[in-house]
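Understanding the architecture of this molecule
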2 protein chains.
Amino acid sequence: MTTQEALQTFRAKIEALHALNHAMGVLQYDGETVAPPASAEGRGKTLEYLSGLAYEIETGPELNRAADFLAAHSDELSAQDRREVEVFRRETEFTASIPQAEYVGYVTLLNRASAVWHKAKAENDYASFAPVVQEIFDTNVRFARYYKPDQAPYDVALGRYERGLTMQKADAFFAALRERIVPLLKQVQSRPQVDDSFIWNKTYPIEAQRKFSDYLMDLITIDRERCSIGETEHPFTTNFNKKDVRITTHYHEQTPIYSMYSVIHEGGHALYELHSGDELEGTLLAGGVSMSIHESQSRFMENIIGRSRGFVQVILPKLHELFPEQLGDVTAEQLYLAVNKAEPSLIRTEADELTYALHVMVRYEIEKGLFDGSIRAEDLPRIWNAKYKEYLGIDVPDDRRGVLQDSHWSGGNVGYFPSYALGSAYGAQMLAEMKKTVDVDAAVASGDLRPVTRWLEDHVWRFGAMYDPMDLLERAVGAPFDPKYYTDYLEEKFGSIYNL
Amino acid sequence: MTTQEALQTFRAKIEALHALNHAMGVLQYDGETVAPPASAEGRGKTLEYLSGLAYEIETGPELNRAADFLAAHSDELSAQDRREVEVFRRETEFTASIPQAEYVGYVTLLNRASAVWHKAKAENDYASFAPVVQEIFDTNVRFARYYKPDQAPYDVALGRYERGLTMQKADAFFAALRERIVPLLKQVQSRPQVDDSFIWNKTYPIEAQRKFSDYLMDLITIDRERCSIGETEHPFTTNFNKKDVRITTHYHEQTPIYSMYSVIHEGGHALYELHSGDELEGTLLAGGVSMSIHESQSRFMENIIGRSRGFVQVILPKLHELFPEQLGDVTAEQLYLAVNKAEPSLIRTEADELTYALHVMVRYEIEKGLFDGSIRAEDLPRIWNAKYKEYLGIDVPDDRRGVLQDSHWSGGNVGYFPSYALGSAYGAQMLAEMKKTVDVDAAVASGDLRPVTRWLEDHVWRFGAMYDPMDLLERAVGAPFDPKYYTDYLEEKFGSIYNL
């Protein structure tokens, strides 16, 4: 075998995997968006077949012999090829550690879990979902043991979302947040509260909200030729290549605000995928490198940009136009305060920027317990509700607005939640660095976000998965990760809003 | 090899083909409905890979050796297994006659063609579409020659949609229609015209039309757990198994009538797929047997049921409720006459029952010419417009409302159009037979369509592809096909409406 031949084999097999993943991704997207409810069973069979094919290719001798050969001749490779081979071998080491039947079984379990979760949430019936949650976590524990028998299973799961992340690091990170956020929230709660009552007790037609989504996607510079928007119970972003990215939202007739920030959040994810370097297209390096870096982009757009004074000023005329009777006399300052009202609440995706990390902490601690066996899925409602009382001081009235609210566990995204808080912190550090060369406030207030998106494209998006997440962050901000940028940012912003 | 082993191999490979076809179908459905415009290229690559896999399995030695063995031991098989092996071998004879690269190339051509057609129609730019049309017809001619070198290529194409159909038979059928429909239309046009002006110059909000679609689907007994509705430029039905059927419609703000009849039409297709026998599920025999039988069901629901007096009476209260300002004072008789107004028009899918067959005739004659080379794709607008002038007496103002209106050719459905007229005629013959045991008018007027749908399920739907189309029809109506039931039906209905 020559290096050229090995590269050709490698390329062809990666393309085959890409095609299978594309097909499975579209089947799943279709299942989440428009497929009829009873379709889950047939989709499960097809996913089982396709994932079996993918497993065979990924762990098969042809691809792995080529990859091993390339790894042994890495000095003959370009930096990009070298990195791709490395990423492939790292990933396939995990896949190959799992017996094929279990690997395929997990794909069908998740397909079933998604249908069970949708029904359970709609019917506020956690009991029907509990066995599925337990099975998903048990499977993840088992897979972690196959892969790294010497490591704590949750460390393995965390590390698969964010290379290098462990419980020790996450504990320290959350402790640093808690130490500053909990007293800050107490101070905020002792001050006169923000009035957002003008938003409520009105009806905001879905058709007008759909138009608002189109406007927002344009504003944050999303290319609609390459990115569509759909409607789902729980908003998400998925992508098949850089010319085919999908975001979804959920419209509430009672307020346009929830959907608005979900569009901007998912839009941040989409921008990252849409601007991965052309030279990476079709390789394993195209698209976002990790969930934390991904969340750094989505939460940057949602909060740092979307909940800024300048942004609110820019979008106000469009809100006046689309909702003249509901919001016609609202001022920019009123709206700015309303979308930054800090108040413990039930739903993570609707939480304000300040209390958000506390929602994530609840989930992190529960995942830890499910992984080490100290928590059983059947006990989750009780534990969930107790933690919401402890950290946020509120009572959870039902599981639909409690433990059933998120789609992550039914989607197999266990170990994902810490990414949201980490990403928020990465974003704050990026903002500090960006401000050295970009007048961020002026750009946002002008309505032309391109100075901001250009910085993100140059420092983050275009690199895809060329660097490990921590390396990418350090390259972007010129220093190691430090959560104090995030807590400083929160103290400054909410100190000003609440006159602390 | 034992018969049992051969059956197991056969079953496993058919399931693999089913999974690949399911994935390709969902990719195509997604592409037609919600995928962003620029996604076509990536989808094309994935379809190319999957169709290559399917080709290899379908024409590969394992499956074909098993099928040949089973065919040689057909006396040991159940009637259903025997039929399935026969259908497989017939179908695969076609596939195997085409070189793999050309087979796969056609799948990617069609994926591209769909994107080109959408754009061409939106921009009224036939010139951009013409080379694609020519390539699609050329490919079909070439494939027909590979498969049956001794037959006229268009006969081969017709026979693949409707086993046994040839140009000779289609010519005779259309001549029989023309002989009765053309004079009938002349008589109708000599009479005072129906007034449908009360429908027009109003706005019918899409949200209310969506609710109306849900109501109609319930009324015609569609199980929404197993059938969803989407929105596309051109309405269609697709299905992946009997628990996953999709219909689409297109809403026009100027009238709810077009969407209404497309929902009932596609609903008729969906009912056929949803009620294929349980014992056929997962086999090649599940679902409709041919396009003409399929159209017999869709056009039966649309016209014989949906455009009847009883049906119009039943739906009127819902129309009053959803469109109180627009249609609040319309009577059932006014609406019945309006939806049966016979008048030459531009768009096939919006045509009345009487002129419909003339739209189909135009397409049939053009397909004949494209197949025998006497017509070139670049000349289609001129020829199309001339035929509309000749048969329907109207001028076509632009290609968007002319030759670009249908999605069939870009979808590779060449030889399909005659099915619409044949299906309409089959449906009329079924009605005559059904009336011997079912009081159709009373059932429809009661709003409970189950006596009608039960007859169709018992006589047509449950059999899937167990019988060839002509055999199925003869079993259902107890006599050979005779187009006079259709022309009699039209003469009686329109004779009464126009007092002839």
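Presented here is an overview of the structure given in this document. (Residues numbered from 1 in each chain as written. Chains lettered and ligands numbered in written order. Predicted model: local features only at pLDDT ≥ 70, side-chain atom pairs only at ≥ 80, totals over all residues. Heavy atoms only, no water.)

Attention now goes to the overall build of chain A. When helices and strands are counted, chain A shows 21 helices and three strands. The C-alpha radius of gyration of chain A comes to 23 Å, within 12% of the 23 Å expected for a compact globule of 500 residues. Expressed along its principal axes, the backbone C-alpha trace of chain A runs to roughly 70 × 50 × 45 Å. In chain A, which comprises 500 residues, the proportion classed as buried is 59%. Restricting to contacts in chain A with at least 6 residues of sequence separation, those with at least 24 account for 75%. (Helix = DSSP H or I, 4+ residues; strand = E, 2+ residues; numbered from the N terminus. Rg over C-alpha atoms; globule rule 2.2 N^0.38 Å. Buried < 20%, exposed > 50% of the residue type's maximum accessible area, 1.4 Å probe, protein only. Contact = heavy atoms within 4.5 Å.)

What follows covers the pairing of strand S3 (residues 244-249) of chain B. All names here are of chain B. Within S3, six of the six residues are buried, leaving the element largely enclosed by the surrounding structure. Taking every second residue as pointing to the same face, both faces of S3 are buried, with Asp-244, Arg-246 and Thr-248 on one and Val-245, Ile-247 and Thr-249 on the other. Two elements, strand S1 (residues 227-231) and S3, share five bridges in a ladder whose sense is parallel. Within the sheet, the bridge partner assigned to Ile-229 lies in S3 and is Ile-247. Where strand S2 (residues 237-241) folds back on S3, the antiparallel hairpin that results is connected by two residues. (Pairing = 2+ DSSP bridges.)

Turning our attention to the sheet that holds S2 of chain B. Residues and elements named next belong to chain B. Taken in spatial order, the three strands of this open sheet run S1-S3-S2, and their pairing is mixed. Of all strands in the sheet, those with a lone pairing partner are S1 and S2, marking the two edges. With strand direction ignored, the average angle separating the axes of adjacent strands in the sheet is 20°. In this fold helix H9 (residues 206-219) packs onto S1 and S3, with an angle of close to 150° to the strand it touches most, S1. (Axes fitted to C-alpha atoms, helices over the stretch in contact; angles between N-to-C directions.)

Attention now goes to the interface of chain A and chain B. By convention, interface size is frequently given as the accessible area that disappears when the constituent parts associate. On the side of chain B, 35 residues touch chain A, which itself brings 35 residues to the contact. With both chains or domains summed, chain A and chain B bury close to 2600 Å², and 63% of this area falls on carbon and sulfur atoms. At the boundary of chain A with chain B, the tally comes to six salt bridges. With its nearest N and O atoms 2.6 Å apart, the salt bridge here joins Asp-30 of chain A to Arg-246 of chain B. At the surface where chain A touches chain B, the tally comes to 12 residue pairs in polar contact (both at pLDDT 80 or more). The set of elements that each furnish at least two residues to the side of chain A that touches chain B consists of helix H1 (3-33), helix H2 (40-59), helix H9 (206-219), strand S1 (227-231) and strand S3 (244-249) of chain A. Considering only residue class, the side of chain A that touches chain B consists of 18 nonpolar, six polar and 11 charged. (Buried area = accessible area lost by both parts, 1.4 Å probe. Salt bridge = Lys/Arg side-chain N within 4 Å of Asp/Glu carboxyl O. Polar contact = N/O pair within 3.5 Å; in protein donor to acceptor, adjacent residues only side chain to side chain. Nonpolar A, V, L, I, M, F, W, Y, C, P; charged D, E, K, R; others polar.)

As a further point, take the relation of the copies chain A and chain B. Note on the copies: chain A fits chain B at an RMSD of 0.0 Å, the axial shift is 0.0 Å, and the rotation between them is 180°. The transformation just described matches what one would write down for a two-fold rotation axis. Of the C-alpha atoms belonging to chain A, the one lying closest to the rotation axis is found on Ala-23 of chain A, 3.0 Å away. When the interface residues of chain A are mapped onto chain B, 100% of them again lie at the interface, so the same face is used by both copies. (Least-squares fit on C-alpha atoms with pLDDT ≥ 70 in both.)

Bringing the packing of aromatic side chains into the picture now. Aromatic ring pairs are described here by two measures, namely the spacing of the ring centres and the angle between the planes. Residue and element names in this part refer to chain B. Per the counting criterion, the structure on display carries 52 aromatic pairs over all chains. Ring geometry for Tyr-106 against Phe-143: centres 5.4 Å apart, planes inclined by 75°, an arrangement best described as edge-to-face. With Tyr-106 in helix H5 (residues 100-123) and Phe-143 in helix H6 (residues 126-147), this residue pair connects regions lying 37 residues apart in the sequence. For the pair shown, Tyr-106 and Phe-143 are each scored as buried. With a centroid separation of 5.3 Å and 70° between ring planes, the pair formed by Tyr-204 and Phe-323 is classed as edge-to-face. Residue Tyr-204 is located in the loop between helix H8 (167-190) and H9, and its partner Phe-323 is located in the loop between helix H12 (309-322) and helix H13 (324-327); the two are separated by 119 residues in the primary sequence. (Phe/Tyr/Trp six-rings, centres within 6.5 Å; stacked < 30°, edge-to-face > 60°.)

Attention now moves to the side chain of Arg-226 of chain B. Relative to the helices and strands, Arg-226 of chain B is located in the loop between H9 and S1. What makes Arg-226 of chain B buried here is its relative accessible area of 15%. A distance of 2.9 Å separates a polar atom in the side chain of Arg-226 of chain B from a polar atom in the side chain of Asp-223 of chain B. Ignoring sequence-local partners within four residues, the contact set of Arg-226 of chain B consists of Pro-36 and Ala-38 of chain A together with Lys-242, Lys-243, Asp-244, Val-245, Leu-274 and His-275 of chain B.

Residues and elements named next belong to chain A. Reading across the sheet, the three strands line up as S1-S3-S2 and stay open at both edges, with mixed pairing between neighbours. Each edge of the open sheet carries a strand with a single partner, namely S1 and strand S2 (237-241). Each neighbouring strand pair of the sheet contributes to a mean axis angle of 20°, computed without reference to strand direction. Relative to the sheet, H9 contacts S1 and S3, its axis offset from that of S1 by approximately 150°. Helix-sheet contacts for helix H10 (residues 257-274) involve S1, S2 and S3, and the interaxial angle to S3 is about 165°.

Residue and element names in this part refer to chain B. Mapped onto the fold, Asp-399 is located in the loop between helix H16 (380-392) and helix H17 (418-434). It turns out Asp-399 is buried and unbridged, and the closest side chain with the opposite charge, Arg-401, is 9.7 Å from it. The contacts of Asp-399, once residues within four sequence positions are left out, are Asn-124, Tyr-126, Pro-381, Leu-404 and Gln-405. (Lys, Arg positive; Asp, Glu negative; His and termini not counted.)

For the rest of this paragraph, the subject is the pattern of salt bridges. Close approach of charged atoms allows side chains with opposite charge to pair. Inspection of the entire model under this criterion finds 84 salt bridges over all chains. With a closest N to O distance of 2.8 Å, Glu-41 of chain A and Lys-243 of chain B form a salt bridge. Highlighted residues: Glu-41 of chain A in helix H2 and Lys-243 of chain B in the loop between S2 and S3, drawn from two different chains. Lys-243 of chain B gets classed as partly exposed once you look at its relative accessible area, which sits at 35%.

Attention now moves to the packing of helix H15 (residues 356-372) of chain A against helix H17 (residues 418-434) of chain A. Residue and element names in this part refer to chain A. H17 packs onto H15 with a crossing angle of 140° between their chain directions and a minimal axis gap of 8 Å. Here H15 is positioned oblique relative to H17, judged by the angle of their axes. The interaxial crossing formed by H15 with H17 has left-handed handedness. Of the residues in H17, those touching H15 at Tyr-356, Val-360, Tyr-364 and Glu-367 are Pro-418, Tyr-420 and Ala-421. Looking at the contact of H15 with H17 residue by residue, the class counts come to six nonpolar, no polar and one charged. (Parallel < 35°, antiparallel > 145°, perpendicular 65-115°, else oblique. Left-handed = near helix turned anticlockwise from the far one by under 90°.)

Next up on the list: unusual backbone geometry. Residues and elements named next belong to chain A. Even without glycine at this site, Asn-201 takes up a positive phi of about 60°. Mapped onto the elements of the fold, Asn-201 is located in the loop between helix H8 (167-190) and H9. Of the residues examined, Asn-201 reaches a relative accessible area of 81% and is grouped as exposed.

With that out of the way, let us pick up H10 of chain A. Helix length check: H10 of chain A, at 18 residues, gives a terminal C-alpha distance of 25 Å against a target of 26 Å (1.5 Å per residue), a fit within 8%. H10 of chain A sits mainly inside the fold: 17 of its 18 residues count as buried. (Expected span 1.5 Å × (residues − 1).)

Taking 1.5 Å as the rise per residue, H2 of chain A with 20 residues should run 28 Å; its terminal C-alpha atoms sit 27 Å apart, in good agreement. Within H2 of chain A, 14 of the 20 residues are buried, which leaves it mostly tucked inside the rest of the structure.

Once that is clear, we can look at the environment of Val-444 of chain B. Relative to the assigned elements, Val-444 of chain B resides in helix H18 (residues 440-446). Between the C-alpha atom of Val-444 of chain B and that of Asp-482 of chain B, which follows or precedes it by 38 residues, the distance is 25 Å.

On to the packing of helix H6 (residues 126-147) of chain A against helix H7 (residues 153-161) of chain A, then. Residue and element names in this part refer to chain A. Relative to each other, H6 and H7 sit at 85°, their axes nearing to 8 Å. One finds that H6 runs roughly perpendicular with respect to H7. The segment H6 lies against H7, with Val-141, Ala-144, Arg-145 and Tyr-147 engaging Pro-153, Val-156 and Arg-160. Taken together, the residues of the contact of H6 with H7 sort by class into five nonpolar, no polar and two charged.

Residues and elements named next belong to chain B. As for its placement among the helices and strands, Arg-180 is situated in helix H8. Taking the C-alpha atoms as reference, Arg-180 lies 8.9 Å from Asp-488; in sequence the two are 308 residues apart. When residues no more than four places from it in sequence are discounted, the contact partners of Arg-180 are Thr-487, Asp-488 and Glu-491. Only 3.2 Å separates the side chain of Arg-180 from the side chain of Thr-487, close enough to count as a polar contact.

Residue and element names in this part refer to chain B. Relative to the assigned elements, Glu-457 resides in helix H19 (residues 450-459). Note: C-alpha distance between Glu-457 and Tyr-272 (185 residues apart in sequence) is 7.6 Å. Leave out the neighbours within four places in its chain, and Glu-457 touches His-275 and Arg-462.

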